[in-house]
Amino acid sequence: GQNIDQPTEMTATEGAIVQINCTYQTSGFNGLFWYQQHAGEAPTFLSYNVLDGLEEKGRFSSFLSRSKGYSYLLLKELQMKDSASYLCAVRSDTDSWGKLQFGAGTQVVVTP
Amino acid sequence: DTEVTQTPKHLVMGMTNKKSLKCEQHMGHRAMYWYKQKAKKPPELMFVYSYEKLSINESVPSRFSPECPNSSLLNLHLHALQPEDSALYLCASSQWSGESTEAFFGQGTRLTVV
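Keep in mind that this is a model prediction, so the values were computed, not measured. (Residues numbered from 1 in each chain as written. Chains lettered and ligands numbered in written order. Predicted model: local features only at pLDDT ≥ 70, side-chain atom pairs only at ≥ 80, totals over all residues. Heavy atoms only, no water.)

Describe in detail the nonpolar core, supporting the description with residues and values.
Membership of the largest hydrophobic core comes to 23 residues, with the highest contact counts inside it found for Trp34, Phe64, Leu76 and Leu78 of chain B. Broken down by secondary-structure element, the contributors of at least two residues to this core are strand E2 (10-13), strand E3 (18-25), strand E4 (31-37), strand E5 (44-50), strand E7 (64-70), strand E8 (73-79), strand E9 (87-94) and strand E11 (109-113) of chain B. Each residue touching Leu78 of chain B, except ones within four places of it in the same chain, is listed here: Leu11, Met13, Asn17, Lys18, Lys19, Leu21, Arg63, Phe64 and Leu111 of chain B. Judged by nonpolar contacts, the second largest core, of 21 residues, contains Ile20, Cys22, Tyr24 and Leu64 of chain A. (Core = buried A, V, L, I, M, F, W, Y, C linked by side-chain atoms within 4.5 Å. Buried < 20%, exposed > 50% of the residue type's maximum accessible area, 1.4 Å probe, protein only. Helix = DSSP H or I, 4+ residues; strand = E, 2+ residues; numbered from the N terminus. Contact = heavy atoms within 4.5 Å.)

Here it is, written out as structure tokens:
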């Protein structure tokens, strides 16, 4: 089976930095994705890691360590609009290509 | 165009009704997906189509029937649903293989079964 864990909720102040951790145990690995989802809206793609290391995209960065089954999403210079749920998702290569398994999501609350 | 369009946005149906959800994308993606999402829960995969063929069915009850008439369209036919089937139904698409395989999601259909 597959297990993807991330914290339920995190609170941070506008302008600060927040790091959302994700640990996974999957039978095979073929990529990890981070999505942002505002309440009542569709998930939107943020980042993709398949090799170890850091991927930077503006205010958002994502890190992967395959040996540790660990990823984090770093949000810098937080803005109020960053208040949302952040979903970690893993693609396993032992399943068919299309299967994306989501973690439960981390609700980030940005306060003034 | 990086859009996945779903219709309708909202749907209320009775337990004896038959209805269909529709999804369309024009990004040339050959993988299309249906996900179900309950409030405060992550999306749960229901079906995957690759090259218009059903490749994954996550043991979904037969009252949900997917259809992929062509590479741009994906339907989900609903019949004899239960109140517990009320949820946000998300359609997504992606390339089937290669580097850029992120899934693009539609805005979803908010379904209420009464």
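The structure having been displayed, the exposition proceeds.
Kindly report on the sheet that holds E7 of chain B, identifying the contributing residues and their values.
Residues and elements named next belong to chain B. Ordered by their spatial adjacency, four strands build an open sheet running E1-E3-E8-E7, and the pairing between neighbours is antiparallel. With partners counted over all chains shown, the strands left at the sheet margins are strand E1 (4-7) and E7, one partner each. Direction aside, the axes of adjacent strands within the sheet are offset by 20° on average. (Pairing = 2+ DSSP bridges. Axes fitted to C-alpha atoms, helices over the stretch in contact; angles between N-to-C directions.)

Residue-level account of the state of the cysteines, with values.
As used here, a disulfide is simply a covalent bond connecting the sulfur atoms of two cysteines. If you walk through the whole model with that rule in mind, you get two disulfides over all chains. Here Cys22 of chain A engages in a disulfide with Cys88 of chain A; their sulfurs sit 2.0 Å apart. What sets the handedness of the Cys22 of chain A and Cys88 of chain A disulfide is the S-S torsion sign, and at about -70° it is left-handed. Taken together, the residues Cys22 of chain A in strand E3 (residues 18-25) and Cys88 of chain A in strand E9 (residues 84-91) connect sequence positions 66 residues apart. For Cys22 of chain A, a relative accessible area of 0% translates into the label buried. Across a sulfur-sulfur distance of 1.8 Å, Cys23 of chain B and Cys91 of chain B are joined as a disulfide pair. (Disulfide = S-S within 2.5 Å.)

Before we move on, can you summarise the interface of chain B and chain A with the specific residues and values?
Across the contact, 24 residues belong to chain B and 19 residues belong to chain A. Taking both partners together, chain B and chain A bury about 1700 Å²; carbon and sulfur atoms supply 59% of that area. Summed over the shared surface of chain B and chain A, the number is zero salt bridges. At the boundary of chain B with chain A, the tally comes to two residue pairs in polar contact (both at pLDDT 80 or more). Elements with a contribution of two residues or more to the side of chain B that touches chain A: E4, E5, strand E6 (53-57) and E9 of chain B. The biggest single contributor to the side of chain B that touches chain A is E4 of chain B, with three residues. A class-by-class count of the residues in the side of chain B that touches chain A yields 12 nonpolar, eight polar and four charged. (Buried area = accessible area lost by both parts, 1.4 Å probe. Salt bridge = Lys/Arg side-chain N within 4 Å of Asp/Glu carboxyl O. Polar contact = N/O pair within 3.5 Å; in protein donor to acceptor, adjacent residues only side chain to side chain. Nonpolar A, V, L, I, M, F, W, Y, C, P; charged D, E, K, R; others polar.)

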